[in-house]
Amino acid sequence: MTMGPDMEPAADLKLEDLAAGAAYCFEVLVTEKHLDDFAALTGDYSPVHMDTEFARSQGMERRVAHGVLISGFLSRMIGMRCPGRRALLHSLNIRYHNPVYPGDEIVVSGEIEHVSEAARTITVQLSVTKKSSGLLCAKGKAQVGIFR
Amino acid sequence: MHENREAVFARMLHVFKDVFDDDSLEITEETAAKDIDAWDSLMHVTLCVALEQEFGVRLNAQEIANLNNVGSFLNLLLKLMRK
């Protein structure tokens with residue numbers, strides 16, 4: 001069985017289990033380690049992500065989480081929750097609205113917008129907000145194929 | 001009152017431009033996948049999903065398999081919208 005780092009198994013929602021309007025969410029505490037690990041994995045050591053003083057000089061509160069790191073949590077939404085193990089991501093369109101900083105608790109949400117039985121595909125509206133304020137950090141839409 | 005063929009085609013063109021992210025895209029009823037570089041199997045699925053959402057219809061797998069050009073999309077949408 002495919003397990004996540006917190007030992008939560010990937011959901012196993014079948015096409016017939018999925019309906020427009022169904023909503024899912026989870027929370028993440030974004031840490032300095034997330035930024036460091038993401039930089040090491042991708043090679044993106046841009047100072048806005050790695051250097052607190054530089055980030056502050058550009059008007060940020062502190063180091064800014066990489067946008068694609070935040071998108072990675074949307075990947076987790078698709079691959080682990082909605083629909084889980086039967087997912088194959090076709091496309092992900094995302095727009096970033098506000099920076100996420102280490103120490104922020106974020107809420108990652110997904111709501112099924114459309115289910116195409118013929119194409120075995122769903123579209124999911126996605127968002128990332130700050131738990132403390134509700135501030136919108138990222139918003140997007142995914143098209144996801146569903147394995148049999 | 002049902003939309004006429006021209007009106008449905010105009011809405012289809014809007015969907016095609018959006019899916020292919022190309023505001024200058026021009027299509028006719030004869031336009032097929034071979035005429036648009038980006039029209040591969042995945043984009044075909046994306047087109048079907050986008051058209052279902054735009055027109056509020058449901059396609060089935062057999063219908064999707066038989067869609068081989070813009071005209072066949074148009075004919076199917078007109079049929080489904082008149083049900």
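Residues numbered from 1 in each chain as written. Chains lettered and ligands numbered in written order. Predicted model: local features only at pLDDT ≥ 70, side-chain atom pairs only at ≥ 80, totals over all residues. Heavy atoms only, no water.

Caption draft 1: Main features of the interface of chain A and chain B. In this assembly, 11 residues from chain A lie in contact with 11 residues from chain B. The junction of chain A with chain B conceals about 870 Å² of combined surface from both sides, 58% of it contributed by carbon and sulfur atoms. Summed over the three residues of chain A that lose the most area to chain B, namely His114(A), Ala118(A) and Gln143(A), the buried surface amounts to 53% of that side. Scanning the region where chain A abuts chain B turns up 0 salt bridges. Taken together, the links from chain A to chain B amount to 5 residue pairs in polar contact (both at pLDDT 80 or more). (Contact = heavy atoms within 4.5 Å. Buried area = accessible area lost by both parts, 1.4 Å probe. Salt bridge = Lys/Arg side-chain N within 4 Å of Asp/Glu carboxyl O. Polar contact = N/O pair within 3.5 Å; in protein donor to acceptor, adjacent residues only side chain to side chain.)

Caption draft 2: Up close: the sheet that holds strand β1 (residues 23–29) of chain A. Residue and element names in this part refer to chain A. What the 5 strands build is an open sheet, ordered β1-β3-β4-β5-β2; its pairing is antiparallel. In this open sheet, the two edge strands, each paired with only one partner strand, are β1 and β2 (87–96). Shown here is a sheet whose adjacent strand axes are inclined to one another by a mean of 20°, direction ignored. Two elements, strand β4 (residues 121–130) and strand β5 (residues 136–146), share 9 bridges in a ladder whose sense is antiparallel. Residue pairing across strands places Val-124 opposite Ala-142, the latter belonging to β5. (Pairing = 2+ DSSP bridges. Helix = DSSP H or I, 4+ residues; strand = E, 2+ residues; numbered from the N terminus. Axes fitted to C-alpha atoms, helices over the stretch in contact; angles between N-to-C directions.)

Caption draft 3: Highlighting the packing of aromatic side chains. One pass over the structure, following the stated rule, counts 5 aromatic pairs over all chains. Measuring from centroid to centroid gives 6.1 Å for Phe16(B) and Phe20(B), while their planes differ by 45°, and the two rings are tilted. You can call Phe16(B) buried: its relative accessible area is 0%. With a relative accessible area of 11%, Phe20(B) lands in the buried category. With a centroid separation of 6.2 Å and 55° between ring planes, the pair formed by Phe20(B) and Trp39(B) is classed as tilted. Note that Phe20(B) is positioned in the loop between α1 (5–19) and α2 (41–55) and Trp39(B) in the loop between α1 and α2, a separation of 19 residues in sequence. The same class applies to Phe20(B) as to Trp39(B), namely buried. Each residue in the set Phe16(B), Phe20(B), Trp39(B) and Phe73(B) is aromatic and connected to the rest through ring pairs, giving one cluster. If you follow Arg76(A) out to its NZ or CZ, it ends over the ring of Phe26(A), 4.3 Å from the centre. (Phe/Tyr/Trp six-rings, centres within 6.5 Å; stacked < 30°, edge-to-face > 60°. Buried < 20%, exposed > 50% of the residue type's maximum accessible area, 1.4 Å probe, protein only. Lys NZ or Arg CZ within 6 Å of the ring centre and 35° of its normal.)

Caption draft 4: Layout of the layout of surface pockets. One number sums up the size of the largest pocket: a volume of about 500 Å³. Taken together, 19 residues line the largest pocket, and the ones lying closest to its centre are Asn93(A), Lys141(A), Asp18(B), Val19(B) and Thr46(B). Elements represented by at least two residues in the lining of the largest pocket include exactly β2 and β5 of chain A together with α1 and α2 of chain B. Looking at side-chain class alone, the lining of the largest pocket contains 7 nonpolar, 8 polar and 4 charged residues. (1 Å grid on protein atoms, 1.4 Å probe; cavity = no way out; pocket = protein on both sides within 12 Å on 5 of 7 lines; lining within 4 Å. Points joined across faces, edges and corners; volume = space filled by probe spheres on them. Nonpolar A, V, L, I, M, F, W, Y, C, P; charged D, E, K, R; others polar.)

Function cannot be inferred from these measures alone, as they are strictly geometric.
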